Every structure is written in structure tokens, then in C-alpha cells.
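The primary structure of each chain is shown beneath.
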Amino acid sequence: MKTKPSTLVVEDLNVTKMLKNQYLAKAIAEQSFYEFKRQIVYKSEQYGIEVVYADDLYTICKRCSQCGNINRHFDPNNPIYRCEYCGFSVDRDVHASMNLAQYQRYPSPSGN
Ligand SMILES: [Zn+2]
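Predicted, not measured: the structure shown is a model, and the values here were computed from it. (Residues numbered from 1 in each chain as written. Predicted model: local features only at pLDDT ≥ 70, side-chain atom pairs only at ≥ 80, totals over all residues. Heavy atoms only, no water.)

1. With respect to the packing of aromatic side chains
- In total, this model carries one aromatic pair according to the counting rule given.
- Taking the centre distance of 6.1 Å and the plane angle of 50° together, the rings of Phe-74 and Tyr-81 count as tilted.
- When its relative accessible area of 15% is taken as the criterion, Phe-74 is described as buried.
- Sitting over the ring of Tyr-53, Lys-37 keeps its end group 5.4 Å from the ring centre. (Phe/Tyr/Trp six-rings, centres within 6.5 Å; stacked < 30°, edge-to-face > 60°. Buried < 20%, exposed > 50% of the residue type's maximum accessible area, 1.4 Å probe, protein only. Lys NZ or Arg CZ within 6 Å of the ring centre and 35° of its normal.)

Now the structure itself:
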């Protein structure tokens, strides 16, 4: 039985850049984003898991995970994702996870 993933896909939050923003810095420091990211990399390397960073989650989430349509009126604040083309509907966060799971099928133009 497979007990660990071969790949972990996470949104690439630019923590270093975010820490330079006076409005974000305190909240980020309190929530230990930097340490969380560091631990993901450390533990993944320890267990031989590849870490893939998805660099633009907003763009990725506009794409329907079922039909591939890019939804023009995508609202990231709506808790329910609904495809304008095929009608697929699901919890927004579940849909983000579905897209991240398919991320390698849709690499970014920069080849990441
Ligand atoms: Zn669709």
C-alpha cells in the first residue's frame, strides 16, 4: 500500500516579499507562514517527496477542473465554485485542491 505521496503541490506564497509589506508582516509572522513553508520543504526532502509550487492560484482556480473552461466571471470570494460552461459546482476550496492535484497537467507558461 502506498503510504506517502510522490508529489506535493502547494501555492507559492512569496513570504519574504510579503514580510516587507508593513500591513501583512505582523499577521504573517504571527501565523508562522515562513516556518510552515520551511517545514514543508524539510519534511518533503526527508521523505523523498517532490514539492511543486503553483505560482498563481487565482489563475489556476479560474480553470474548471472538469472541462478545462476558463471562467471569466470567477469570484474567489464565492464559497461555491460553478463552471459557466459545464455547470460543474463544488465547494471553492475543494475545487482549488482538485486544480492543484491536476497542476502538472497544466504547467504555467514559465515551465514551473
Ligand atoms: Zn466546466
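2. Let's talk about the nonpolar core
- Core analysis: the biggest nonpolar cluster contains 15 residues, and Val-9, Ala-54, Tyr-81, Phe-88 and Tyr-103 have the highest contact counts within it.
- When residues of this core are traced back to their parent elements, those giving at least two are β2 (50-54), α4 (57-62) and α5 (92-101).
- The leading source of residues in this core is α4, at three residues.
- Among the domains, domain 1 (7-54) and domain 2 (57-105) are the pair contributing at least three residues each to this core.
- Contact partners of Val-9, with chain neighbours within four places excluded, come to Val-52, Ala-54, Leu-100 and Tyr-103. (Core = buried A, V, L, I, M, F, W, Y, C linked by side-chain atoms within 4.5 Å. Helix = DSSP H or I, 4+ residues; strand = E, 2+ residues; numbered from the N terminus. Domains from an automatic or database assignment. Contact = heavy atoms within 4.5 Å.)

3. Regarding the side chain of Ser-44
- Tracing the backbone shows Ser-44 in helix α3 (residues 33-46).
- Judged by its relative accessible area of 5%, Ser-44 falls in the buried class.

4. Details of the coordination of the zinc ion
- Distances from the zinc ion to its protein donors, namely Cys-64 (SG), Cys-67 (SG), Cys-83 (SG) and Cys-86 (SG), fall within the range 2.3 to 2.4 Å.
- Going along the chain, you hit the donors of the zinc ion in the pattern C-x2-C-x15-C-x2-C. (Donors = N, O, S within 2.8 Å, 3.2 Å for Na, K, Ca; no water.)

5. A look at the environment of Asp-12
- Tracing the sequence through the fold places Asp-12 in the loop between β1 (7-11) and α1 (15-19).
- Looking at Asp-12, the relative accessible area reads 33%, which means it is partly exposed.
- Counting along the chain gives 40 residues from Asp-12 to Val-52, while the straight-line C-alpha distance between them is 8.6 Å.

6. Looking at the pattern of salt bridges
- Tallying each qualifying case throughout the model produces two salt bridges.
- Of the charged contacts, one joins Arg-92 and Asp-93 as a salt bridge, the two residues approaching to 3.3 Å between their closest N and O atoms.
- Exposure remark for Arg-92: the relative accessible area of 29% places this residue in the partly exposed category. (Salt bridge = Lys/Arg side-chain N within 4 Å of Asp/Glu carboxyl O.)

7. What about the environment of Met-18?
- As for its position among the elements, Met-18 is in helix α1.
- Take Met-18: its relative accessible area is 21%, and that puts it in the partly exposed class.

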